[in-house]
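Examining the three-dimensional arrangement
What follows is the residue order along each chain.
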Amino acid sequence: MGIKRREFIKLFGANLLTPYMLASAPWFSKAYAATAGRRKNFIAAYFPNGAYMPTDANGYAVDGSWHWNNSNGVLHEFVSKGLKNNVMILRKLRNGFSNRDPHWQNVAGFLSGKLITLDPANPRAGETIDQRIARSKNTYLKSLVIGHPYFYDHQEASHKAYSNLYTNRISYDIEGKPITPITDPSQLYNRLFATSTGGANAVNYLRSRKKSMLDVSLSDLNSLRSNLGGTGKQQLEVFTDSLRKVEVQLDADKKMCTHQQVDISQNFSDMQQSFLNRNNLLNQIVSLAFQCGLTNVASIMYAPSVSAGLHYTPLIGVGTGHHQAAHHGYKPDYVKRIDDINKIYTKVYIDLIENLKATSVLSDTLVLVGSDMADGNVHTTRNLPILLAGQGSDLKFGQEIIPSAEVPITNLHLKILQIMGDSSLTSMGEGQTLSTGILNNIQS
Amino acid sequence: MRILRSLRALAGLFVLALLYQNCVPAAFVEGENFASSCEYSQNNSDLFRLSTFEYEQILKDLAPDVFADNWASDLPHLPSVNSFDNRVNQAIDATMLETYLSKAEELSLQIMASKAVMNNCDQQIVSTGRTWANCALPIVQAVGQSLYRRPLRSSEVSKFKTAFDATSATVTEINRTSATEVVSHFDGVTESSAGVIARGWAFDPDWEDRNVELHFYVKPAGSNAAQVFIGSRIANETRDDVNRVYSIKGKHGFQFLIPKEYVNGTSYEIYAYTIGAGNSLARNSPRTYSFAAQRGEVNYEGQYRTGFTEGLSQVIASMLISPNFLYKAEFLPNGFLAEESQFKKASHLSFLIRSSFPDEQLFSLAKAGRLSDDEVRNEAKRLLASYSSRFAKNFAGQWLNFRQNLDHSDPLLKSMAKESELVFNEHIAQNLNVQSLLQPNFTFVNSLLANHYGEGRAPQNSSFAKISTNQRGGILDQGHFLMTTSGPTKTNPVSRGIWVLDKVLCKSLPPLTAATFEQIDEVRKTIDPTASVERQMELHRNASTTCYSCHSHIDPMGLPMEQYDHTGRFKSEWAMQPIQYENYFVSNTRNLASALDKTKEFSMCFERKLNAYVSGADSVGETVNSRCDSNRNPNGTTKGVQDSVVDTIFNEVSSNGN
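Please read all numbers here as calculations on a predicted model, not as lab measurements.

Cut-offs and rules
- Residues numbered from 1 in each chain as written.
- Chains lettered and ligands numbered in written order.
- Predicted model: local features only at pLDDT ≥ 70, side-chain atom pairs only at ≥ 80, totals over all residues.
- Heavy atoms only, no water.
- Helix = DSSP H or I, 4+ residues; strand = E, 2+ residues; numbered from the N terminus.
- Buried < 20%, exposed > 50% of the residue type's maximum accessible area, 1.4 Å probe, protein only.
- Areas by Shrake-Rupley, 256 points an atom, 1.4 Å probe, with all protein chains shown as cover.
- Contact = heavy atoms within 4.5 Å.
- Expected span 1.5 Å × (residues − 1).
- Disulfide = S-S within 2.5 Å.
- Polar contact = N/O pair within 3.5 Å; in protein donor to acceptor, adjacent residues only side chain to side chain.
- Pairing = 2+ DSSP bridges.
- Axes fitted to C-alpha atoms, helices over the stretch in contact; angles between N-to-C directions.
- Arc of directions from axis to C-beta.
- Core = buried A, V, L, I, M, F, W, Y, C linked by side-chain atoms within 4.5 Å.
- Phe/Tyr/Trp six-rings, centres within 6.5 Å; stacked < 30°, edge-to-face > 60°.
- Lys NZ or Arg CZ within 6 Å of the ring centre and 35° of its normal.
- Salt bridge = Lys/Arg side-chain N within 4 Å of Asp/Glu carboxyl O.
- Parallel < 35°, antiparallel > 145°, perpendicular 65-115°, else oblique.
- Left-handed = near helix turned anticlockwise from the far one by under 90°.
- Nonpolar A, V, L, I, M, F, W, Y, C, P; charged D, E, K, R; others polar.

1. Quick look at the overall build of chain B
For chain B, the count of helices and strands is 23 helices and 16 strands. For chain B, with 658 residues in total, the buried portion stands at 62%. Carbon and sulfur atoms make up 48% of the accessible area of chain B, which amounts to about 22900 Å² in all.

2. Some thoughts on the environment of W399 of chain B
Residue and element names in this part refer to chain B. As for its placement among the helices and strands, W399 is situated in helix α13 (residues 388–399). The spacing of W399 and V504 is 105 residues in sequence and 9.6 Å in space, taken between C-alpha atoms. Excluding residues within four positions of it along the chain, W399 makes contact with F84, F424, L437, I475, K503, F602, F606 and K609.

3. A word on helix α8 (residues 307–320) of chain B
Taking 1.5 Å as the rise per residue, α8 of chain B with 14 residues should run 20 Å; its terminal C-alpha atoms sit 20 Å apart, in good agreement. Along α8 of chain B, 14 of the 14 residues are buried, which leaves the element largely enclosed by surrounding structure.

4. Side note on the state of the cysteines
Residue and element names in this part refer to chain B. Under the criterion given, the structure shown has one disulfide over all chains. Disulfide pairing places C506 opposite C605 at an S-S distance of 2.1 Å. On the sign convention where negative is left-handed, the bridge of C506 and C605, at about 90° about the S-S bond, is right-handed. Of this pair, C506 sits in the loop between α17 (493–503) and β12 (507–508) while C605 is found in helix α22 (residues 601–615), placing the two residues 99 residues apart along the sequence. The pair C506 / C605 is uniform in exposure class, with both members buried.

5. A few points about the side chain of Q105 of chain A
All names here are of chain A. On the secondary structure map, Q105 appears in helix α5 (residues 102–108). Q105 gets classed as buried once you look at its relative accessible area, which sits at 0%. From its side chain, Q105 meets the backbone nitrogen of I116 in a polar contact 3.1 Å long. With residues near it in sequence (within four places) discarded, Q105 still touches F97, R100, K114, L115 and I116.

6. Topic: unusual backbone geometry
Residue and element names in this part refer to chain B. The phi dihedral of S355 is positive, around 55°, even though this residue is not glycine. Its relative accessible area of 0% is what places S355 among the buried residues. The backbone of K600 sits at a positive phi, close to 65°, despite the residue not being glycine. Topologically, K600 is positioned in the loop between α21 (589–599) and α22. By relative accessible area, K600 is classed as partly exposed at 32%.

7. Quick look at the sheet that holds strand β6 (residues 365–370) of chain A
The strands that make up a sheet pair up through hydrogen bonds in the backbone, lying either parallel or antiparallel. Residues and elements named next belong to chain A. Judged by pairing direction, the sheet is mixed, and its seven strands sit side by side in the order β4-β5-β1-β6-β7-β2-β8 without closing on themselves. Each having just a single partner strand, β4 (144–146) and β8 (400–401) make up the two edges of the open sheet. Helix α11 (residues 275–291) rests against β1 (41–46), β4, β5 (297–301) and β6 of the sheet, and its axis sits at about 170° to β5.

8. Let's talk about the sheet that holds strand β2 (residues 183–192) of chain B
Residues and elements named next belong to chain B. A sheet is described by the order of its strands in space; here three strands give the open sequence β2-β3-β6, paired in antiparallel fashion. Only two strands of the sheet have a single neighbouring strand rather than two, namely β2 and β6 (253–257). Taken over all neighbouring pairs, the strand axes of this sheet differ in orientation by 20° on average, direction set aside. Sheet analysis places β2 next to strand β3 (residues 195–203), joined by nine bridges and oriented antiparallel. Each residue of the ladder has a partner; that of E191, found in β3, is V196.

9. Overview of the side chain of T648 of chain B
Residue and element names in this part refer to chain B. Residue position: T648 is located in helix α23 (residues 641–654). For T648, a relative accessible area of 15% puts it in the buried group. Once residues within four sequence positions are removed from consideration, T648 is found in contact with L610, N611 and V614.

10. As for helix α5 (residues 132–148) of chain B
Residue and element names in this part refer to chain B. The end-to-end C-alpha distance of α5 is 20 Å, clearly below the 24 Å that 17 residues give at a rise of 1.5 Å each. The set of residues buried in α5 consists of W132, C135, A136, I139, V140, V143, G144, S146, L147 and Y148. The buried residues of α5 occupy an angular sector of 165° when the element is viewed end-on, so they sit on one face. Of the residues flanking the start of α5, the one acting as N-cap is T131, its side-chain oxygen 3.4 Å from the backbone nitrogen of A133. Note on α5: the residue one or two positions beyond its end, R149, has a positive phi of about 60°.

11. Quick word on the nonpolar core
Within the largest apolar cluster, 132 residues are counted, with the highest numbers of intra-cluster contacts made by Y55, L59 and F424 of chain B. Counting 69 residues, the second-largest nonpolar core is a separate cluster that includes L141, Y189, I300 and I353 of chain A.

12. A word on the pairing of β6 of chain A
Residue and element names in this part refer to chain A. For β6, a buried count of six out of six residues is recorded, marking the element as mostly surrounded by other parts of the structure. On β6, burial covers both faces: T365, V367 and V369 on one face and L366, L368 and G370 on the other are all buried. Sheet analysis places β1 next to β6, joined by six bridges and oriented parallel. Within the sheet, the bridge partner assigned to A44 lies in β6 and is L368. Examined bridge by bridge, β6 and strand β7 (residues 386–389) share four bridges and lie antiparallel to one another.

13. Structural notes on the packing of aromatic side chains
Tallied over the full model, the rule gives 43 aromatic pairs over all chains. When the ring of Y46 of chain A is compared with that of F110 of chain A, the centres are 5.7 Å apart and the planes differ by 70°; the resulting orientation is edge-to-face. Of this pair, Y46 of chain A sits in strand β1 while F110 of chain A sits in the loop between α5 and α6 (129–135); the two residues are 64 residues apart in sequence, bridging distant segments of the chain. By relative accessible area, which is 1% here, F110 of chain A ends up buried. Ring geometry for F47 of chain A and W66 of chain A: centres 5.6 Å apart, planes at 20°, overall stacked. Here F47 of chain A is found in the loop between β1 and α4 (76–80), whereas its partner W66 of chain A is found in the loop between β1 and α4, with 19 residues between them in sequence. By relative accessible area, which is 0% here, W66 of chain A ends up buried. An aromatic cluster is built from F84, F391, F395, W399, F424, F602, F606 and Y613 of chain B, whose rings are joined through pairwise contacts. One residue, R377 of chain B, lies across the ring of F650 of chain B, its end atom 4.3 Å from the ring centre. The ring of F442 of chain B has K466 of chain B sitting right over it, with the charged end atom 4.4 Å from the ring centre.

14. Re the pattern of salt bridges
Counted by the stated rule, this structure contains 49 salt bridges over all chains. Across the pair K210 of chain A and E105 of chain B runs a salt bridge whose closest N-O atoms are separated by 3.1 Å. With K210 of chain A in helix α9 (residues 199–228) and E105 of chain B in helix α3 (residues 94–111), the pair connects residues from two separate chains. On the accessibility criterion, K210 of chain A (23% relative accessible area) is partly exposed. One salt-bridge network, held together by shared partners, links R209 and K210 of chain A together with E105 and E310 of chain B.

15. Thoughts on the packing of α5 of chain B against α8 of chain B
All names here are of chain B. Running from N to C, α5 and α8 point in directions that differ by 15°, and their axes come no closer than 10 Å. Classified by the interaxial angle, the pair formed by α5 and α8 is roughly parallel. For the crossing formed where α5 meets α8, the hand is right-handed. Contact residues: α5 offers C135, A136, I139, V140, V143, G144, L147 and Y148, while α8 offers F308, L312, V315, I316, M319 and L320. Among the residues forming the contact of α5 with α8, the class breakdown is 13 nonpolar, one polar and no charged.

Shape descriptors only; they carry no functional weight alone.
This is the structure in structure tokens:
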């Protein structure tokens, strides 16, 4: 290529792709071609610890602060920013399994409604909807699984058998295995877009160098496998698969897509200070990935379950960490704190919507925003805080959808699958989270 | 990263405390999957990951002149299982592998900056050639032995040679043809405790995400003598100032240690050349030093990086993403080839004690085939004596949660973590009995801790000294535990109680459910928040039989520690009504420690924790009201800590199919 990538980006700056450029990238136009009547992209966005939604005498969480009616509502900024018609609030959805703590069971089951299999040798839950949707796509990357660098590590003994793994994951593949999220924005960016700045020869050289390393590793792996004869089979199979996936990514030509300039050199080492900037950058990268047709699916864990060590002090002043605030005990200062925290998250969702708009993919995208519990104070899972976001008249944005009775969240999942073009499932989840139908009133 | 780690330490404790701080009503539900904790003992046929701590120790041992003691890799976090991360079987998925790969490329160059690793090959004159045979092979074999924890097999050596040759040949073809030269600067030559060091930076504006190689030459100042090649270095050290000025990313600084033979009082000119098109002399080069007068520019050798550097770093990086490095096959009976069984035994032993590959003596014994059972026991003792601090960090540091704070930015917390490490260390060194860990009658303090604790016999500097005291040093009295289980302004007796139940008694509380939380909320409303802590706890405990079922276990473990404030300082005015634990009444840490001694609970728990670390046994084994640990020794151990560790590790290593 005659023009170096950096110059190319500078040249076109913040402009979107021109028809000429689209035409020069045939795979791009193919991937980007809209499919009539069906949303192409899906994002599942998770936030921890629920919202201030106090429970009534029956243990049912009322709406509390999870509304947009006035400035007290943690969602009010959607209205003040003129984005109400890009969002709908869903009520009366429930999650939950008896005798399992939401902080790990319901995080793992948030997108699948499935119980965790408590087997340390093979941690797994059910396949999540983001991965199911991704399986039907034929994109450069199947999906983007994104997390936060804060790994919540529960030290106490009652949370054994990899509960720490579950509290830090929301995506599970077809075999129910957890998928490690990318937590570093520059790693995410590099996976999607980056190539070396050294020109074609250098790019080829670096690629072949990496491939050679992967080949050595694979050869070592094969000898180890034959020594072990079946022991450690699962780990080695996953390793083999990982070697293959990384190699496939090396082969893909990432240079073809030109996009808005992204500053990935920011310092995120202070996770309190950088909470908003980091998540906003991730939102931007996801939007660009959709714009470029590099993937159609992303799951974003904006922070892990519990998040006891996240206190957001630079944004809302000194106060307790997220988890402690969520256990508000109806103390006014704690209630204010958890509201303030949720308002920060609202800013993150708004940023996501604005990025999707700026890249012209919002009308092709369905965004699910939610938490695994309603009110963190008592870990209730009835009347979860859930939003759907997007653009277009096919879905009832700007409304609150209030089913006549409580429904399992998997009813919503089935509906999402249908909107995304997958009507093959008639039921999903299990136990209290087994689906009982489809939430039809989401669609116009 | 340190901030993250310390947050983890604190956060875990606060959470459960918060959950239980009122009471646990409802006949506490033994979650269907937690009815018997024993079922989670690990399967001994699992293939375990190299932990991040072990990864870091291995690189430290391989290149001690490059990786400092507090070096942290920022590698992916592995969850701990049964409190320890050294027996985790989590698979390496694509995201993790991608991270390991990019880290490997970066670390391979750092490893090659080590004089210990390079064996003078960084100083061989380029014109005579650094070949596979004369330089790369011995380095690959030595590095390979450390990373794979056994001599490389001949098939592996051939594989690495093929890769090295291919890359060395290719690299000359990809040399830059761009007219843009490397931007560089030779800052100068300075003296430090490590020696005389040439410093500067260099980057390729067309290829800034790669690191430029430099070669250094000297000649006597002002003479017409030929320049003599004295070594090479990759510019891969952080220089934020350069990145800022040039708006670039990556690490582009260099520091080159000048060989001692050229630091002799004579005035030399030192030339730094960047390798690439045009053979540029670094700007501001040469510099002159005598040592100390200087002046100084960097020039080009005609290649971007030498084929040697590219080839060798690639081979080392491929070892760093090999399953032979990232998994600990030696923990399995058939993990190594039959003819490598001595190395397997050596490595298994070494990992358990020094969290790294075998040291020179242990390797030699394995190589000579002399690791008999007796010799394994002898070596276990020797390694424990030589590397007790490493063992204390990885075993006791995870068991008692202080490992992650040993490099904390808060000097007080860091000192407290060090105190915990040193007390445990002393028990190994002196072979003090296990019970002594609760009441050692000594501790270690530096001046900061001595002032904080009010112990007058303090060393006047930051070094630690052993002092006699009957109020400090025991597991229940250590500042690190007392402070990390407290809030920022006040103590949390529930958090402390739960910590003691887990760490000292190996008991867990059942998980809480949404239903129990709702009941907790009801009870909370009935408690007078202005009452004393002791009184509030009593009201919680007695609110119902179900509340009592947990708090009768938590409170006797947490309330006696109220004699220490939230920073671990002794509160002289503290007094409480004795509270019952088993057949004893306890009111302070002294009589609680004595009671734990008599019930043998602690010594049984110590054995369990040690077994969890060494062989993956369940570290908890029972909830507060169910006992299922048929394997435990009902009398606890009466051994010395050193004997206990040596016996446990010896049994594990000698029974592992060797």
